[in-house]
Amino acid sequence: MKFDLTILAPHVPFLLKGALLTAEACALALVGSLIIGLLVAALRTSSSPILSRAAFIYVDLFRNIPFIVQLFFFFYGLPEIGIYIDAFTTGVIALSIAGGAFSSDVIRSGILAIDTGILEAAEVSGLSKPVIFRKIVMPIALRTSVRPLGSVFINLVLTSSILSTITLNELTGSAKIVASDTFRPFEVYAVLLIVYASLTYLISLAIGSLHRRLNRDRMPDVA
Amino acid sequence: MMRYTSFTSYDFILLAQGLGVSLALFAVTTLIGLLIGTTWAIVRFYRVPVLTPLITFFAELLKNSPVLVQLFLVFFGLPALAKINVTPVEAAVITLSGNTAAFIYVIAVSAIESIGRDQIESARVFGLTRWQVLRHVVAPQAMAFAVGPLTGLLVNQLQVTSLISVIGVVDLTKIGNILNLRTLKPFIVWTIVGGLYYVTAKLIALGGARLEKRLRAHTAWKGL
């Protein structure tokens, strides 16, 4: 059989619908993992040994267990305890929790890199701990970790393909359907591979320029 | 047909078998990946024209696309295109080896680049061939540099092996699927499966840390 891409043309709108679902899931999971990541990073860097220990256990567990196992745990487990949510929501939750573990590590090192002089100055100015975290620590840590957070996000996009295993027809799930409809799996998956690679490449370019913009006033080695 | 819904002692054997398949494929694909990845890095070290940019492009493509799609391309795509038979295990070995190779290539390249040009140049001035430089000057130091990132990569690649369950390889995750369908106790099943992966990942990390300590022993602070 020869390599023929034209047979894919009629299926492009269907694949685009899948891509849109991937984009939605990733955007929601990005927000979710940033929120979780910030929270967990705050706990890990807190002065309470119990809280930082608990946060460490969460990160350690979710970083060392395959995502597909986590996904099945939620997908098959949640209905067991009476929580009935659709595959999309389950996928976004699982992605957010796994992504949160990775982002918290990045944000934590962003927090630890903050000059202690800044924190001491804030403390003697009489600012309360929550205010210091929200107004000083968080903006600095987030700003300096845009680039590493970007690689976490790219990983999230690649990982989102696994959502196809829980009946969700995102980009990879739609491609599976097209592959079995057209009997042209090689063309379909080869194109899909290129699409994902170009997508993540574009994202990394965008993140690079965002990082430089946000850190333009800082030393050249950070920006 | 009767349904055996509760757990039996035989399930331990099933889980052990699944873990065995996962570990075997992990070990085999790591070795092949190491071989291919370092070969690519050596090609780059010799600055072979045409091949070097080709390898870089291919490695980037593998690093920046989902392993699941790569797996589908090999398992469903190759047979359709080339009219050859690819078993699930073969597809798993090809895909995981290639994916691991791409990441090892990147680590090996940065490990080689971590060694100062002055060292390589002075070794060349002493009359060592490019191969001797690689063998006696670059390799030992690059290895010590690479063990850390390599350990992180292997912990990650162990988790990636779980995806081969999707194309029907009966690894630990697939056993989890089977037990999940039979017992209808998802929390217990996936906690056990996740726990087994976790412990294995921790053992790999521990082994890597030990090896790193040994390889770096010659530069360690010995006290005055």
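How each quantity is defined
- Residues numbered from 1 in each chain as written.
- Chains lettered and ligands numbered in written order.
- Predicted model: local features only at pLDDT ≥ 70, side-chain atom pairs only at ≥ 80, totals over all residues.
- Heavy atoms only, no water.
- Contact = heavy atoms within 4.5 Å.
- Buried area = accessible area lost by both parts, 1.4 Å probe.
- Salt bridge = Lys/Arg side-chain N within 4 Å of Asp/Glu carboxyl O.
- Polar contact = N/O pair within 3.5 Å; in protein donor to acceptor, adjacent residues only side chain to side chain.
- Helix = DSSP H or I, 4+ residues; strand = E, 2+ residues; numbered from the N terminus.
- Core = buried A, V, L, I, M, F, W, Y, C linked by side-chain atoms within 4.5 Å.
- Buried < 20%, exposed > 50% of the residue type's maximum accessible area, 1.4 Å probe, protein only.
- Lys, Arg positive; Asp, Glu negative; His and termini not counted.
- Phe/Tyr/Trp six-rings, centres within 6.5 Å; stacked < 30°, edge-to-face > 60°.

Caption draft 1: The arrangement of the interface of chain B and chain A in detail. Taken together, the contacts link 36 residues of chain B with 34 residues of chain A. Summing the contributions of chain B and of chain A, the shared interface buries around 3200 Å²; its carbon and sulfur component is 77%. Considering only the side of chain B, the residues that lose the most area to chain A are Leu73, Leu81 and Phe187 of chain B, jointly responsible for 19% of the buried surface there. Along the contact surface separating chain B from chain A lie one salt bridge. Linking Asp60 of chain A and Lys202 of chain B is a salt bridge whose minimum nitrogen-to-oxygen distance equals 2.8 Å. Counting the contacts that link chain B with chain A gives four residue pairs in polar contact (both at pLDDT 80 or more). Elements with a contribution of two residues or more to the side of chain B that touches chain A: helix H2 (51-63), helix H3 (67-82), helix H6 (130-160), helix H7 (172-183) and helix H8 (186-215) of chain B.

Caption draft 2: Representation of the nonpolar core within the structure. Judged by nonpolar contacts, the single largest core of 85 residues is most densely connected at Phe67 and Tyr189 of chain A together with Leu163 and Val193 of chain B. For this core, the element with the highest residue contribution is helix H9 (residues 185-214) of chain A, accounting for 10 residues. Residues contacting Val193 of chain B, with those up to four places away along its chain left out, are Val69 of chain A together with Leu15, Leu172 and Gly176 of chain B. Listed in part, the 26 residues of the second largest apolar core include Val43, Ile55, Ile107 and Ala146 of chain B.

Caption draft 3: Looking closely at the side chain of Asp171 of chain B. Residue and element names in this part refer to chain B. Here Asp171 lies in the loop between H6 and H7. For the buried Asp171, no salt bridge is present, and the opposite-charge side chain at shortest range is Lys174, 7.6 Å distant. With near-sequence residues (within four places) excluded, Asp171 lies in contact with Gly18, Val21, Ser22, Thr161, Ser162, Ile164, Ser165 and Tyr197.

Caption draft 4: Expanded view of the packing of aromatic side chains. Residue and element names in this part refer to chain B. For the structure shown, the criterion picks out 13 aromatic pairs over all chains. With a centroid separation of 6.0 Å and an interplanar angle of 75°, the aromatic rings of Trp40 and Phe58 are classed as edge-to-face. You can see Trp40 sitting in helix H1 (residues 10-45) and its partner Phe58 sitting in helix H2, a full 18 residues away along the chain. Measuring from centroid to centroid gives 6.1 Å for Trp40 and Tyr105, while their planes differ by 80°, and the two rings are edge-to-face.

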